[in-house]
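Chain and residue survey
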Amino acid sequence: MKERWSTPLIALHWLSAALLVGLVVVGFVMVDLPADTALRRGLGRAHSLTGVALGLLTLVRLVVRLRGPSPAPLPLAPLHRRGASFIQGLLYVGLFGMAATGVATAYRSNWHGYLEGAEPSPVFDGLRSRQVHEGLVAGLLVLVGAHVIGALVQQLRKGGTLRRIWPSLDASRLPPAVQPKEQVK
Ligand code: HEM
């Protein structure tokens, strides 16, 4: 069994992480800008298109993940393993939820000329999908935090996590997982 995820999955993982950070930062910045300014409209368009792209990338990633081979399982306590899988599942749900509520918000507002930049800023206030979109961000950030902390804890305690997902061509220099029989009792 291989030690690392496939190159396409590693690329999709880090590209998704970068897009997510960008979307969250731009999302919070744009809603604080005065309405009907060119900058807010421009950021809104970039945010919407990037959000759709991330939703599609997540779909591709899920298909590649389910159809492709997985690396050898890491030595994990059963509770950690179950928790990590649960959080990864919820991350997919959260990302699809963000993309779906973003598209619903855009669709239900006067968004049609918005992407072309011809119309005044769309009105989102009071849209339920807009409120859910905002609420989901908090949940998604908590999940990302738990995902990162869980991975770092595994890396520090038994190693092997970063070696599977790190984009470096020379990831083999990262320490391998300590197998149970090698662990100091
Ligand atoms: C997939 C990941 C996405 C993330 C992480 C994300 C993140 C965010 C954040 C952080 C905000 C600001 C929330 C607030 O404090 O009010 C926001 C607002 C918004 N997002 Fe997204 N978003 C995503 C996808 C999308 C998509 C696909 C669309 C549309 C096609 C979209 C459209 C919007 C709109 C219309 C707003 C409100 C803008 C305003 O009130 O001026 N988002 N998003």
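Above this note sits the structure.
My aim in this report is to walk through the structure given alongside it, one point at a time. Computed from a predicted model, the values in this text were never measured in an experiment.

**Overview of the coordination of the iron atom of the ligand**
Around the iron atom of the ligand, the donor atoms from the protein are His47 (NE2) and His133 (NE2), and they sit 2.0 Å away. Around the iron atom of the ligand, the 6 donor atoms sit at angles spanning 87 to 179 degrees, and that spread fits a shape best called octahedral. Residue His47 is located in helix 2 (residues 38–67), and its partner His133 is located in helix 4 (residues 128–157); the two are separated by 86 residues in the primary sequence.

**Digging into the packing of aromatic side chains**
The tally for this structure, following the rule as stated, stands at 1 aromatic pair. Aromatic pair Trp14 and Trp166: ring centres 5.7 Å apart, planes at 80 degrees, arrangement edge-to-face. Residue Trp14 is found in helix 1 (residues 7–31), and its partner Trp166 is found in the segment after helix 5 (161–165); the two are separated by 152 residues along the sequence.

**Describing a nonpolar patch on the surface**
Residues Val52, Leu56, Val103 and Tyr107 make up a contiguous nonpolar surface patch of about 400 Å² in total accessible area. Among the secondary structure elements, those contributing two or more residues to the nonpolar patch are helix 2 and helix 3 (78–108). Examined against the element boundaries, Leu56 turns out to sit in helix 2.

**A look at the site of the ligand**
Lining the immediate surroundings of the ligand are 22 residues, of which Arg40, His47, Gly102, Arg130 and His133 lie closest. One of the side-chain N or O atoms of His47 is found 2.8 Å from a nitrogen atom in the ligand. A distance of 2.8 Å separates a nitrogen atom of the ligand from a polar side-chain atom of His133. When contributions to the shell around the ligand are tallied by element, the ones reaching two or more residues are helix 1, helix 2, helix 3 and helix 4. With 7 residues, the top contributor of residues to the shell around the ligand is helix 1. In the shell around the ligand, the residues fall into 12 nonpolar, 7 polar and 3 charged.

**Remarks on helix 4**
Along an α-helix, residues three or four apart share an orientation, since each turn contains 3.6 residues. With 30 residues, helix 4 should cover 44 Å at 1.5 Å per step; its first-to-last C-alpha distance of 43 Å lies within 8% of that length. For helix 4, the full list of buried residues reads Ser129, His133, Val137, Leu140, Leu143, Gln154 and Gln155. Looking at the packing, one finds that the buried side of helix 4 touches helix 1, helix 2, helix 3 and helix 5. Taken from the residues just after helix 4, Gly159 is the one with a positive phi, measuring 70 degrees.

**Side note on the packing of helix 1 against helix 4**
As a packed pair, helix 1 and helix 4 sit with axes 12 Å apart at the nearest point and diverge in direction by 135 degrees. Between helix 1 and helix 4, the angle falls in the class oblique. Regarding helix 1 and helix 4, the two cross each other, and that crossing is left-handed. On the side of helix 1, the interface is formed by His13, Leu20, Val24, Phe28 and Val31, while helix 4 contributes Arg130, Val137, Leu140, Leu141, Val144 and His147. A class-by-class count of the residues in the contact of helix 1 with helix 4 yields 8 nonpolar, 2 polar and 1 charged.

**Remarks on the packing of helix 1 against helix 2**
At a minimum axis distance of 9 Å, the contact between helix 1 and helix 2 shows a crossing angle of 155 degrees. Taken together, helix 1 and helix 2 sit at an angle that is classed as roughly antiparallel. In this structure, the crossing between helix 1 and helix 2 has a hand that is left-handed. Split by residue class, the contact of helix 1 with helix 2 holds 15 nonpolar, 7 polar and 3 charged.

**Some remarks on the nonpolar core**
Counting residues in hydrophobic clusters, the biggest one holds 11 residues: Leu20, Leu23, Val24, Leu54, Ile87, Leu91, Leu95, Met98, Val137, Leu140 and Leu143. Of all elements in the fold, only helix 1, helix 3 and helix 4 reach the threshold of two or more residues within this core. The element contributing the most residues to this core is helix 3, with 4 residues.

About the criteria used
- Residues numbered from 1 in each chain as written.
- Predicted model: local features only at pLDDT ≥ 70, side-chain atom pairs only at ≥ 80, totals over all residues.
- Heavy atoms only, no water.
- Donors = N, O, S within 2.8 Å, 3.2 Å for Na, K, Ca; no water.
- Tetrahedral: all angles 85-135°; square planar, octahedral: opposite > 155°, others 65-115°.
- Helix = DSSP H or I, 4+ residues; strand = E, 2+ residues; numbered from the N terminus.
- Phe/Tyr/Trp six-rings, centres within 6.5 Å; stacked < 30°, edge-to-face > 60°.
- Patch = residues over 30% accessible without salt bridge, like charges linked within 9 Å, V, L, I, M, F, W, Y side chains within 5 Å.
- Areas by Shrake-Rupley, 256 points an atom, 1.4 Å probe, with all protein chains shown as cover.
- Salt bridge = Lys/Arg side-chain N within 4 Å of Asp/Glu carboxyl O.
- Near = heavy atom within 4 Å.
- Polar contact = N/O pair within 3.5 Å; in protein donor to acceptor, adjacent residues only side chain to side chain.
- Nonpolar A, V, L, I, M, F, W, Y, C, P; charged D, E, K, R; others polar.
- Expected span 1.5 Å × (residues − 1).
- Buried < 20%, exposed > 50% of the residue type's maximum accessible area, 1.4 Å probe, protein only.
- Contact = heavy atoms within 4.5 Å.
- Axes fitted to C-alpha atoms, helices over the stretch in contact; angles between N-to-C directions.
- Parallel < 35°, antiparallel > 145°, perpendicular 65-115°, else oblique.
- Left-handed = near helix turned anticlockwise from the far one by under 90°.
- Core = buried A, V, L, I, M, F, W, Y, C linked by side-chain atoms within 4.5 Å.

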